[in-house]
Amino acid sequence: MEMSRPAPALATDPDPDPDPANTASGCARRRPHVDSAPAATGSGARPEKATPAKPSGSSRSISQQPTQTHTHTHIMAAPAIQQQQQLPDTTSIPGYIILPDPDENAPQAAAPPRAAVHPLDQLSAVEITTTARLIREHASPKQVKFNCITLREPKKNEYAAFRARVGPRPERRAFAIVLEQGTANVAEVVVNLTQGRVEDWRAVSNVAPTLTLEDLDVMERIARKDPKVVEACAEIGITDMSTVYFDAWAIGIDRRWGFERRLQQGLPYWRASPNDNQYAHPLDFTVVADTETEEVLAVDVRRVNGERTAVPRAPHNYLPEFVGDMYQPRRLKPIDITQPEGVSFEMKGNEIHWAGYKMHIGFNYREGIVLSDVRFDDPWQQRERTLFNRISVVEMVVPYGNPEPPHHRKHAFDVGEYGSGFMTNSLKLGCDCKGAIHYLDAVLSTNKGQAAIIKNAVCIHEEDNGLLYKHTDFRDANVISARDRKLIISQIITAANYEYGFYHTFTLDGTYKLEMKLTGMLNTYCMHPSETAAPFGTEVAPGINAHNHQHIFSLRIDPEVDGPNNSVIQSDAVPYEAEVGSAENPYGNGFYCKKTPLRTAKEGAAVYCHETSRAWDIVNPSHLNPSAKKPVAYKIINNNCPAVLAKPGSTVWKRAAFARKALWVVPYRDYEIFPAGDYVCQSTGDEGWENNLTVLDWANRDESIENTDIVCYLQFGLTHFPRTEDFPIMPAEPVSVMLRASNFFEKNPALWVPPSQVKCDSSSRNAFSEAGGAAAGSCCSSKKLPSHL
Ligand SMILES: [Cu+2]
């Protein structure tokens, strides 16, 4: 494929394609635009320069930015838009390019979906605006607010039949969650785009849908001018409200209100200047607001011994304008990744082919990247074999461990409460990704039902992955080695203070690995002089407490290991039970892999066991490996899987039931995706909650999971005791889970990879050789290298 060409949008309908360089959104998605006027200047404010962007956490203050005087006339509009003489809105939601609604009389507005669209492609901009129009017409005269508009994926059997060319193309459908304007009344709507009609409209009670970026934008706007908030600030000596910023969070549960209100909480910070790091200046109160009525409902002020806590005012910054003097650019020479013959993958629409793999890349507001139909060319059987039907990160929870109110309300479900897709960064070449990059755009919707593009939402690239294999025959120093390589499909989200990188990674031996990288900013809180941070936090700087917390991710794997019917077998490495000196185990050295089939969904709820190096094989019991005489399998390797530490019976333990286990295995059902429920905001976690069933409810059905179509939820992550090194901005910390072929192939599936002696690497060189070129001793110059043994 041609990398010099801009990436086509994921959607294949004609989308406007403004030059991303002109959107001025910076590396992170939710930074205000560089040509924005400063939001505010407080005491000690520096003269505003045109360059620096504010920390991402502040950027939810979208509406707080003064009205832009700059007109974005430099945005290139697509022809259809030029006809309407309307320009995309690149300012309302930083990182989003909001397209003007099409003229309903224009030809493309009424055009049916294109036949060439892959059934799993995300909705196009036109499909989103068409969906919104059909819903508005259906709802009229009631006014609706759109919470999401996304692809209604075809039912599995419909798609499978189409894929196998034994069924028709599935009809194209959209799924929307809508609110009656100004209320918390929720409805789920299915629109049949092929037929151009609303197919289903279902009122959903006692639930609260995802908080969109626009919803969260409410907090700062209303909190700054609320008299109770102003008073709470004045009491600690802050009178300029433009220096106070609010990170808007979902609230978990606040029993003062029920589902009649869509709640959010605001965590306040102070800044000495507009680009100052607010997380060095946390304030001692929180704000609760109604998202729909835009009312401040409560200001919860924490007093210690009856006293307020002063804001810590010492600066701790990380932006170039503050720390530029300490940069030492000459310490590091450039590293360039070159692929002189281009990349090794090909894109066919949103399907990617790479090194024997094939898969479809989708995207939605909630899960972000969705990988479907993952297949692999088996070089030994010389046939394409299915691996996974669908892969996505379907939930995560970040429970904080400080028992003192209001911190008990801090447990973010970043997928379910905010949406990984909504929070996705618009990536920049050389900034977030290095080398030859192919990007895909995300197509989302706004609360008004407009289509919004995130340019470069998904990054696809290859990386060298060290050794694939190596062996030296010590007798004659005959050496062979081959290089491994990674295909990485990634996105980065900004969830208020935190950044999460999602790296879906495939390697040449058939391995899939999800690596998460955690960076961004610690959530911080101020300390009263009488307090210590221990044992529930770390004093990362004087007077600043970063609380203990966990990050537990849920990776949903819908396996299709060599076919649709799979089972899961737990494997534990154990000593042979026979006694030392017995006839069966005379020397006592025997050990083996104890296999325990997980037969029902309750058995499929499994915990990790370090002592036995526990793993789980997803097997196809119908296909035996001819050599091993074992069913072909993919092994789940998940040894970074802390269980949720909140006590049984606690709010978090209930709401994040999925995080109690390292593994859940349940039978597949269409549209059962999200393990903490479809509606995570304000969820109680009560079992059997109508309209919000969780993986616990699915497991409680205790259906058979043997030799059938199953789904696995893999929980992994880390428990984070903050370090001073994590402040003021965290070095990225990786954590991962892996699925590896295990008796799936007859032999090493990567023997087709030419070893380095054959596929000469001319770019490697001795670091300090005078000639500087590929020196004698490289594997290119000799097949016989001195043995190092
Ligand atoms: Cu953390």
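Residues numbered from 1 in each chain as written. Predicted model: local features only at pLDDT ≥ 70, side-chain atom pairs only at ≥ 80, totals over all residues.

A. Main features of the overall build of the chain. Secondary structure summary: the chain contains nine helices and 31 strands in total. Burial statistics for the chain: of 789 residues in total, 47% are counted as buried. Sequence-distant contacts, at least 24 apart, represent 68% of the contacts inside the chain between residues at least 6 apart. (Helix = DSSP H or I, 4+ residues; strand = E, 2+ residues; numbered from the N terminus. Buried ≥ 20, exposed ≤ 12 C-beta atoms within 10 Å, placed from the backbone. Contact = placed C-beta atoms within 7 Å.)

B. Summary view of the sheet that holds strand β7 (residues 263-270). Spatially, four strands are ordered β6-β7-β8-β9 in an open sheet, and the strand pairing comes out antiparallel. Each of the sheet's edge strands pairs with one partner strand only, and the pair in question is β6 (244-249) and β9 (295-301). Strand-to-strand twist of the sheet, defined as the mean angle between neighbouring strand axes without regard to direction, takes the value 30°. Across four bridges, β7 lies against strand β8 (residues 285-290) in antiparallel orientation. Residue pairing in the sheet places L263 in a bridge with D290 of β8. Its contacts with the sheet put helix α5 (residues 227-234) on β6, β8 and β9, and the angle it makes with β9 is roughly 25°. (Pairing = 2+ DSSP bridges. Axes fitted to C-alpha atoms, helices over the stretch in contact; angles between N-to-C directions.)

C. Summary view of the sheet that holds strand β23 (residues 544-547). If you walk across this open sheet you meet the three strands as β21-β23-β22, and the pairing is antiparallel. The outermost strands of the open sheet, each flanked by one partner alone, are β21 (524-526) and β22 (537-541). Here the average twist between neighbouring strands, direction ignored, is 40°. Sheet topology places β22 next to β23; four bridges connect them, and they run antiparallel. By the bridge assignment, E539 is partnered in β23 with N545.

D. Summary view of the pairing of strand β11 (residues 351-354). Sheet topology note: the strand β10 (residues 345-348)/β11 ladder contains four bridges and is antiparallel. Across the sheet, the residue bridging to F345 is W354, located in β11. Counted along the chain from β10 to the antiparallel partner β11, the turn is two residues long, and its residue G349 has a positive phi close to 65°. Linking two consecutive strands that pair antiparallel, namely β11 and strand β12 (residues 357-364), is a turn of two residues; a positive phi of about 50° is found at A355 within it.

E. How the structure looks around the nonpolar core. Counting 180 residues, the largest nonpolar core has A176, V458, V665, V666 and C712 as its most contacted members. Residues contacting V666, with those up to four places away along its chain left out, are A601, G604, V695, W698, A699, I705, I710 and V711. (Core = buried A, V, L, I, M, F, W, Y, C linked by C-beta atoms within 7 Å.)

F. Structural context of the pairing of strand β19 (residues 498-507). Judged by how many residues are buried, β19 sits mostly within the fold: eight of ten residues are covered. Relative to β19, strand β18 (residues 478-495) runs antiparallel, the two being bridged by ten bridges. By the bridge assignment, I489 is partnered in β19 with H504. Hairpin connection between β18 and β19: a loop of two residues separates the two successive antiparallel strands, and A496 in this loop has a positive phi of roughly 55°. Counting the residues between successive antiparallel strands, the hairpin from β19 to strand β20 (residues 512-520) contains four residues, one of them, G510, with a positive phi of roughly 90°.

G. Geometry of the environment of V304. In this fold, V304 is placed in the loop between β9 and α6 (320-323). The partly exposed category is assigned to V304, around which 15 C-beta atoms lie within 10 Å. Sequence separation between V304 and P529 is 225 residues, and the spatial gap between their C-alpha atoms is 9.4 Å. Excluding residues within four positions of it along the chain, V304 makes contact with T309, H528, S530 and E531.

H. Focus on unusual backbone geometry. Cis rather than trans, the peptide bond between A534 and P535 has omega equal to 0°. Among the secondary structure elements, P535 is positioned in the loop between β21 and β22. Residues F727 and P728 are joined by a peptide bond in cis, for which omega reads 5°. Tracing the chain through its elements places P728 in the loop between β30 (710-720) and β31 (730-742). In the Ramachandran plot, E294 falls in the positive-phi region, its phi being about 55° despite a non-glycine side chain. Relative to the assigned elements, E294 resides in the loop between β8 and β9. Of note, the phi angle at Q682 is positive, near 60°, even though the residue is not glycine. Structurally, Q682 is set in the loop between β29 (663-667) and α9 (695-700). Note on Q682: 25 C-beta atoms within 10 Å, which makes it buried.

I. Inspection of helix α2 (residues 125-139) at higher detail. Counted at 1.5 Å a residue, the expected span for α2 with its 15 residues is 21 Å, and the 21 Å between its end C-alpha atoms agrees. By the burial criterion, the buried members of α2 are A125, V126, E127, I128, T129, T130, T131, A132, L134 and I135. (Expected span 1.5 Å × (residues − 1).)

J. Looking closely at the environment of L371. Inspection of the secondary structure puts L371 in strand β13 (residues 368-378). Placed 186 residues apart in sequence, L371 and I557 show a C-alpha to C-alpha distance of 9.8 Å. With sequence-adjacent residues up to four places away left out, L371 is seen in contact with M359, I361, I391, I489 and H504.

K. Main features of the confidence of the model for the chain. The predicted model of the chain averages 88 in pLDDT, with 85% of residues at 70 or higher. Low confidence marks residues 1-84, where pLDDT is under 50. Its contacts with residues over four positions away, or in another chain, come to 189 contacts. pLDDT under 50 marks residues 784-789. Its contacts with residues more than four places away, or in other chains, come to eleven contacts. (pLDDT = per-residue confidence, 0-100.)

L. View of the environment of P403. Along the chain, P403 turns up in the loop between β14 (383-399) and β15 (411-412). With 11 C-beta atoms counted inside 10 Å, the residue P403 sits in the exposed group. With 133 residues separating them along the chain, P403 and F536 place their C-alpha atoms 8.0 Å apart. Setting aside anything within four residues of it in sequence, one finds P403 in contact with H408 and F536.

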